[in-house]
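One-letter residues, chain by chain:
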Amino acid sequence: MSFIASVKNIYHKLLWTWNPGSEKEAGDAIVKNLMLHWFPNKISKGSVSWKYSLWLGTISFVLFMILVFTGLVLMFLYVPSVERAYSSVKDIEFVVSFGWLLRAMHRIAAHLMVALVFLHMMRVFLTGAYKNGTSTDAKRPLNWIVGLVLLVLTLLLSFTGYLLPWDQLAYWAITVGTNIASSAPLIGKGTRFFLLGSNEINQNALIRFYVLHVFFLPMIVLFLFSYHMWRVRKDGGLAIVDREALEEKTEQTPPVKTKTYSLLGITSGATVHVQNTMVDEEKNSIPAVPNLTRRIWLVTLFTVLVVVVLSILFRAPLEAPANPSVTPNPAKAPWYFLWLQEIVTDTTINLGIITINGAFIGGIVLPAVLIMLAVWWPYRDSSSINSVGVWFAPERRRQNMVFIAICVMIIIFTIIGTYLRGPYWNFYFPWEDWPTMPVRF
């Protein structure tokens, strides 16, 4: 046997499960490969299509894994203390070889994950994928709730990591965010104290945010994501499978001439014949390996490439060291909470001696109402099974429009808070210059 043939033989023995040569090998690969055991043997063609799911869930998980790997390296270089946190981040940015790229990738992946998880939630709602379909024992509303929890945890992951550079941007963004949380009646101040470990943002707050960011929150996210994916398998796959099942048509299949179908089974002869009908599911299904795995690898490579390119184009910012005595004007929350900060401003109303607490209304009541509404909605949705797995189903037009309107308002408020709010949170158009403000000590 030649050397090249020997190499090919070894290559096939090691990697045949990732590139099976037949449907039989594709089925065996699912059983014999621990990583591929995650997937079903067969998957519908619609499930791997680009236009249905947009692969937003897979992209979100790839971003999470980028955060895990870059975060593990950053843990060796970062020191979680108020005396050394800023200098360690500065060393990563300017001293460590390619440290700037590592930090930028971590930051870009974090921002993209927040956006992609939000878009994934929108996709699930707009396709009615939170509703049970034809699968028995499906619990898609429960999985929708798990997805909402993952969205909140994603926001908390990014929020807890925001403080770690210990610069002015981080310090005052966390100040604004925790002040909004403290406006909740009865539990607000206690919640803020629990998060910060004191009444001020100091070493206690830094170490708590650090431990939450690098251990507790990632472990919870990983556990819930695993359950989320397992629940998808238990529910029969993506919701588009239910739509495909409804669209399948039964076909007449002539009986085998050498067999007789009777109440007692199949016997030889041709005394009693009946006409069979069946659904040919094989026409709409393909082996998961390599069809699904190849697309996952393609999505993974594309996601990593986008993160690397964006990290090169947009370096992670690092402002002056955190200084509680120097207040920036305006002080803004992290961008994904700016819609709340904008609503807080809009709902703060002075009526003579009475002041309506906008922080309570916009920062606590409104988000709580939106979350409870999202949890309750799958159980209230009375649309038929024909709308499951369908983009913008006609019978769901009204609720889709309401949902889109809420999402658009969140995006608009985020844009206003990011680009159009200047000193003292005054409104400025993009072509207007901000006045020069003295630094407040």
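Fair warning: this is a prediction, and the values are worked out from it, not measured in the lab.

Bringing the pattern of salt bridges into the picture now. Across all of its chains, the model carries 7 salt bridges by this definition. Its salt-bridge partner being D235, residue R231 comes within 3.1 Å of it at the nearest N-O pair. Accessibility assignment for this pair places R231 and D235 in one class, buried. A salt bridge links R421 to E342, with the nearest nitrogen and oxygen atoms 2.6 Å apart.

Glancing now at the confidence of the model for the chain. Looking at the chain as a whole, its pLDDT mean stands at 86, while 88% of the residues score no less than 70. Note that residues 270-279 has pLDDT below 50 and, in this model, 29 contacts with residues that lie over four places away or in other chains.

This part covers the nonpolar core. With 55 residues, the main nonpolar core has L63, I66, M121, F125, W144, L292 and F403 as its most contacted residues. If you list the elements that add at least two residues to this core, you get helix 2 (23-32), helix 4 (56-75), helix 6 (99-126), helix 7 (140-162), helix 10 (203-234), helix 12 (288-313), helix 14 (358-380) and helix 15 (397-420). If you tally residues by element for this core, the top one is helix 6, at 14 residues. When residues of this core are assigned to domains, at least three map to each of domain 1 (1-37) and domain 2 (41-250 + 288-425). In contact with F403, not counting residues within four places along its chain, are M121, M122, F125 and L126. Within the second largest apolar cluster, 35 residues are counted, among which are F337, W339, I343 and I416.

A few words now on the packing of helix 6 against helix 12. One can describe the packing of helix 6 onto helix 12 by two numbers: an axis separation of 8 Å at closest approach and a directional angle of 115°. With respect to the hand of their crossing, helix 6 and helix 12 are arranged in right-handed fashion. Here W100, L101, A104, M105, I108 and L112 of helix 6 come into contact with helix 12, specifically with V307, V308, L310, S311 and I312.

Cut-offs used in this document
- Residues numbered from 1 in each chain as written.
- Predicted model: local features only at pLDDT ≥ 70, side-chain atom pairs only at ≥ 80, totals over all residues.
- Heavy atoms only, no water.
- Salt bridge = Lys/Arg side-chain N within 4 Å of Asp/Glu carboxyl O.
- Buried < 20%, exposed > 50% of the residue type's maximum accessible area, 1.4 Å probe, protein only.
- pLDDT = per-residue confidence, 0-100.
- Contact = heavy atoms within 4.5 Å.
- Core = buried A, V, L, I, M, F, W, Y, C linked by side-chain atoms within 4.5 Å.
- Helix = DSSP H or I, 4+ residues; strand = E, 2+ residues; numbered from the N terminus.
- Domains from an automatic or database assignment.
- Axes fitted to C-alpha atoms, helices over the stretch in contact; angles between N-to-C directions.
- Left-handed = near helix turned anticlockwise from the far one by under 90°.

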